[in-house]
Amino acid sequence: MKSIKMMQLFELEVKEEVFYDEVVHLMYMPESWRNYLKDQTYSEESSSHKGKSSNEYKLAFKVKPLGLKLQSIFPEIINVAVDYRFVETDLPWIVATEKISESLIKRLTLGWLASTKRCTVSELPEDLKKAQLSWITTRFGEITTDSTQKYIDKYQWLPALAAIKFCAKPRKVDLGQGIIKEFQFYHTIFNGKHECVTEPYMKSNKYDPFSYVLRVSLQNRGGDANRMLLSVSVGRRRYLKDPKIKIDKKTKELACYLKDNHTCSVLVSVRNPELDQNTKSFSQLQFERFVHKDKGTFTRWRTALDNLYWDILYGAEFEADMLLAQPTAYLEGKGEITAWVVNHNSFKNAGNWVKAGLGISEKRGLFNAFEEVLAEYDMKSLPAIMEIPRNKMNNQRLPIVSHKDQDIIIEVYSSKEMFVAMKQAYTTPHKFINIIPKGEEGVVIFKRQISDDVYELNSDKVVTIEFVHRDPEGIVSELEIGTYTADIAYSKLVDRIKKKLGSNTKHSVKKTLALIEINGKDSWRDGADPKAAIRDAMKQSGRLSQFIEPLTVKKDHSEHITVENNEDNGSKADTGRMVNALLDLLNDAGFLSHNVTKLNEFKSILSFNVLKADKDYLPVVSKMDGAEVMIRMLGVDTWVPLGEAPFHLEIAKMLKKPQKNKNNSSAVFKRFVSQIIENELDRDDRPIVVMMNAKLRNGWLDVLQNPRIQYEVVPYLNERLANESRIQFIRINTTQDVPQYRIFSPDNEEQPMKASGIFRDPLGIYYGVGGRPSAWQGSRVTDIKFTSPSKLLLQQRAVECIPLGPLDENERDELAYLVDQLRRVGLTFDTHTVDPYPIKVMNILSKYLTGKQEFFDDEFDDEVEVVEEFDEVPVVVN
């Protein structure tokens, strides 16, 4: 009999009182400084704005950067005031576990004040320069009185103190494979998050150095907001080893390989006589690409406070170029400066010998080490939760499901060899598309050839595809950056492509799709990547589009290439990319995986979201009714098929980001949601499932916020919907506050396990873990990053699902099953997607709204990552 699996969430239950006996040090901002901030703010506001709210907003804007940077520079700071309240009233400005040099804080703050006024420190008023700073020593419990508790941010100080306790001395970690290592962890503040970071480890000169990272944050759960949970996310961060300012082999000139419009972080520790030399403290600084002709430098520090760091803590100016020219020298920390430059996609040809992810046993060992230390403070991990039986659904993508018979044109803008290879790939049986019984040869995408260029799609309906080659000349060419400004270069390419495509629109009655062969983003000059412009031009010309990189294995132009029988790994990769590119394109056009036929669902499924484009937002809802998927947008009064939705974006109505007392965006969105649901209720008598993306709680739909959720109550939208029994609500959360986890068998808890399933906690919150994508299949369950840095060791992300309303346990389970199944009905990937399909389709629309497709990595590498513009199937899907 198969045993039931268990899930351990990487979280500890915590109460504020556990650290009340800790000795802390307080610093109040001098009165002259507070008065100066108030006077400056009010004088600036008085000429154009009236009322308290504008003053608050302006003041919060002015003091927040200082507070965040001070905390980043001095991780000993466990709470720093970042809004107007401590200026208005005499509340503690800084709370720290160690006394930091008053002179350093004073010099940094005065330097910051001078930079905001665009003057020198000597030009500041005398009372600011004469102000004295001092520390007051107390116990933490003494400052958490009723009058100050709400101003001391528990989301700062609780994870800070937990991280500091863990980093107090070296910790032994069981990494797996019988390897137990002792690591010294350092408490850092990285992008405002508290982290415990090891010194860089490098297996050999072949590999990048990397650290183990534990990110500690305070979380709560929807419907149980008063219960505080210390969440531990485990990952790794790579650092730069090879120079990125060096002589270019082609030009023979000194060149910098940091890309434009990217910011790079560095963890820095400086030996300063005013700081405690017994402990090493790391600060996060950031630099960016900037060619300074007078200095002959390629980079600059991102903010004035980053510059001040060097002047005040190091005592001299320091150019960021030095870190890129000699990263190893600073990595080893043999001099006064220790610096670990984060290695990520901001660099051209960055190399990636240390692949993403950690081994399952490494994650468990790191969490266990943290848990063991914090157990001394009466913090205990949450009890493991049990798997619930789920309805089985095979991973069967073909035959593809279409909601109607139709004829399609697929234009291939590529080399002749790519086109030939594609036809071969689409007419050859493949085993990786579906789960194939032993002995069968596989499935084909084009199941028969009707004429020279016309094929019948392997579909449940009659779908014919005219598969034609187009000359990519004039379509695929980089933006003329340098000759023109970015906007003009973009518009010129769009206009040129539209003009060329005008001669290829004679089949306008048929749906036209485009596959475009194009090099990856690293092949183009900074700012000259044409993909967004190509996609825009294709959209304006009535075509959905999909990009694919060129073949990695050179083939001739023969029609008789045998792709599947070529054992070369590059050829297999090419085949997989070509198949996935076509399936992605068909997915955009509204086709579904055969898995959708396994759904026993007769309800209409609605899913709401907002899509971001620059500074504006577009409210969108998808409707899935059997195999038909429709889209509505604010400003578009009718439902349109998914494959046609991108062509209606021009008339959609965008909203500004919701701001309390500033605009009515949230009210407009709430009316949009309510009206759509009411219309669907009036249309027929069937039940409706409403899936809400948890991200909407941030300003758009406050009824989805953790403190406002009640498991037995439908989120209140209006009186009618609150009393409608045909609605079933589910909040779906895939954000970073969903905890990491491990899955284990109670029969052998020590054995690492790769597994999927649905797990339910006692409150009625479900955590779904999908199957592993085929791209991840090369690793063993026992592999660890410490011994195998170049192996991809990724773990599926858990999806949090909260059914809401007067439902019994069986009904809640059924909704969790539905979410799990809807993660397997899209064509895009061969296993689960992170989001269920009705939410996932929003990303399709977003791609055509912005010209870009966003991918996010949880591995702590990229903190200022420009969204990925290449929409070929990514490795990470869960």
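One can find the structure itself at the top, above this paragraph.
The following paragraphs examine the structure supplied in this document.

Reading the values: rules and limits
Residues numbered from 1 in each chain as written. Predicted model: local features only at pLDDT ≥ 70, side-chain atom pairs only at ≥ 80, totals over all residues. Heavy atoms only, no water. Helix = DSSP H or I, 4+ residues; strand = E, 2+ residues; numbered from the N terminus. Buried < 20%, exposed > 50% of the residue type's maximum accessible area, 1.4 Å probe, protein only. Contact = heavy atoms within 4.5 Å. Areas by Shrake-Rupley, 256 points an atom, 1.4 Å probe, with all protein chains shown as cover. Salt bridge = Lys/Arg side-chain N within 4 Å of Asp/Glu carboxyl O. Pairing = 2+ DSSP bridges. Axes fitted to C-alpha atoms, helices over the stretch in contact; angles between N-to-C directions. Phe/Tyr/Trp six-rings, centres within 6.5 Å; stacked < 30°, edge-to-face > 60°. Core = buried A, V, L, I, M, F, W, Y, C linked by side-chain atoms within 4.5 Å. Expected span 1.5 Å × (residues − 1). Parallel < 35°, antiparallel > 145°, perpendicular 65-115°, else oblique. Nonpolar A, V, L, I, M, F, W, Y, C, P; charged D, E, K, R; others polar. Disulfide = S-S within 2.5 Å.

1. Notes on the overall build of the protein
Per the secondary structure count, the protein includes 19 helices and 37 strands. When the 878 residues of the protein are sorted by exposure, 57% land in the buried category. Of the contacts formed within the protein by residues at least 6 apart in sequence, a portion of 72% connects residues at least 24 apart. About 37,800 Å² of surface is accessible on the protein, with carbon and sulfur atoms providing 47% of the total.

2. Describing the pattern of salt bridges
Pairing between side chains of opposite charge can happen when the charged atoms of each approach one another. Applying the stated criterion to the full structure yields 47 salt bridges. Linking D208 and R238 is a salt bridge whose minimum nitrogen-to-oxygen distance equals 2.7 Å. Placement of the pair is D208 in the loop between β10 (193–198) and β11 (210–221) and R238 in strand β12 (residues 224–238), with a sequence separation of 30 residues. When sorted by exposure, D208 lands in the same class as R238, which is buried. Linking D783 and R780 is a salt bridge whose minimum nitrogen-to-oxygen distance equals 3.1 Å. Taken together, the shared-partner salt bridges in this structure form one network comprising K623, D625, E680, R683, D684 and R686.

3. Remarks on the sheet that holds β11
Taken together, six strands build an open sheet; the order of strands is β9-β10-β11-β12-β2-β19 and the sheet is antiparallel. At either margin of the open sheet sits one strand with a lone partner, and together these are β9 (185–190) and β19 (380–381). Packing against the sheet, helix α7 (residues 154–166) makes contact with β9, β10, β11 and β12, and its axis sits at approximately 140 degrees to β11.

4. Side note on the sheet that holds strand β26 (residues 543–548)
Pairing in this open sheet of six strands is mixed, and the strands run β22-β23-β24-β21-β25-β26 from one edge to the other. In this open sheet, the two edge strands, each paired with only one partner strand, are β22 (446–449) and β26. Recorded for the sheet is a direction-independent mean angle of 30 degrees between the axes of neighbouring strands.

5. Some points on the pairing of β9
Most of β9 sits out of view: six of its six residues are buried. For β9 and β10, the ladder comprises six bridges, and the chain directions are antiparallel. Bridge assignment links I189 to a residue of β10, and that residue is H194. Hairpin connection between β9 and β10: a loop of two residues separates the two successive antiparallel strands, and N191 in this loop has a positive phi of roughly 55 degrees.

6. Examining the packing of aromatic side chains
For any pair of aromatic rings, the description rests on two quantities: the centre-to-centre distance and the angle between the ring planes. What the rule picks out here adds up to 31 aromatic pairs. Their ring planes at 80 degrees and their centres at 6.1 Å tell us that W33 and W93 sit as a pair that is edge-to-face. Taken together, the positions of W33 in helix α1 (residues 31–46) and W93 in the loop between α3 (85–88) and β5 (94–96) put the pair 60 residues apart, joining distant regions of the chain. The buried category is assigned to W33, whose relative accessible area is 2%. Each ring, one from F287 and one from W301, has its centre 5.8 Å from the other, and the planes form 90 degrees; the classification is edge-to-face. Residue F287 is located in strand β16 (residues 283–292), and its partner W301 is located in strand β17 (residues 297–301); the two are separated by 14 residues in the primary sequence. There is no split in this pair, since F287 and W301 are both buried.

7. Focus: the nonpolar core
Grouped together as the largest cluster of nonpolar side chains are 81 residues, with contacts concentrated most on I410, Y426, I445, F467, L515, M624 and M633. Of the residues forming this core, the biggest block, eight residues, is contributed by helix α19 (residues 837–850). Every residue in contact with F467, bar those within four places of it in the chain, is listed here: I410, V412, F419, M422, K423, Y426, F446, D453, Y455 and L515. I77, I100, F287 and Y309 belong to the second-largest nonpolar core, a separate cluster that totals 59 residues.

8. Remarks on unusual backbone geometry
Residues L398 and P399 are joined by a peptide bond in cis, for which omega reads 0 degrees. Residue position: P399 is located in the loop between β20 (385–388) and β21 (406–413). The phi torsion at N191 lies on the positive side, around 55 degrees, for a residue other than glycine. Turning to its location among the elements, N191 is positioned in the loop between β9 and β10.

9. Notes on helix α12 (residues 416–427)
Across its 12 residues, α12 extends 17 Å between first and last C-alpha, which sits within 8% of the 16 Å expected from 1.5 Å per residue. Within α12, 10 of the 12 residues are buried, leaving the element largely enclosed by the surrounding structure.

10. A few points about the packing of α7 against helix α11 (residues 360–374)
Packing of α7 against α11 brings their axes to within 9 Å, and their N-to-C directions diverge by 100 degrees. By the angle between their axes, α7 is roughly perpendicular relative to α11. Side by side, α7 and α11 meet where A162, K165 and F166 of the first sit next to A369, F370, V373 and L374 of the second. Each residue belonging to the contact of α7 with α11 can be placed in one class, and the counts come to six nonpolar, no polar and one charged.

11. A look at the state of the cysteines
Inspection of the entire model under this criterion finds zero disulfides. Lacking any disulfide linkage, C196 is separated from the closest cysteine sulfur, that of C167, by 3.6 Å.

Without other data, these values stay purely geometric and don't point to any function.
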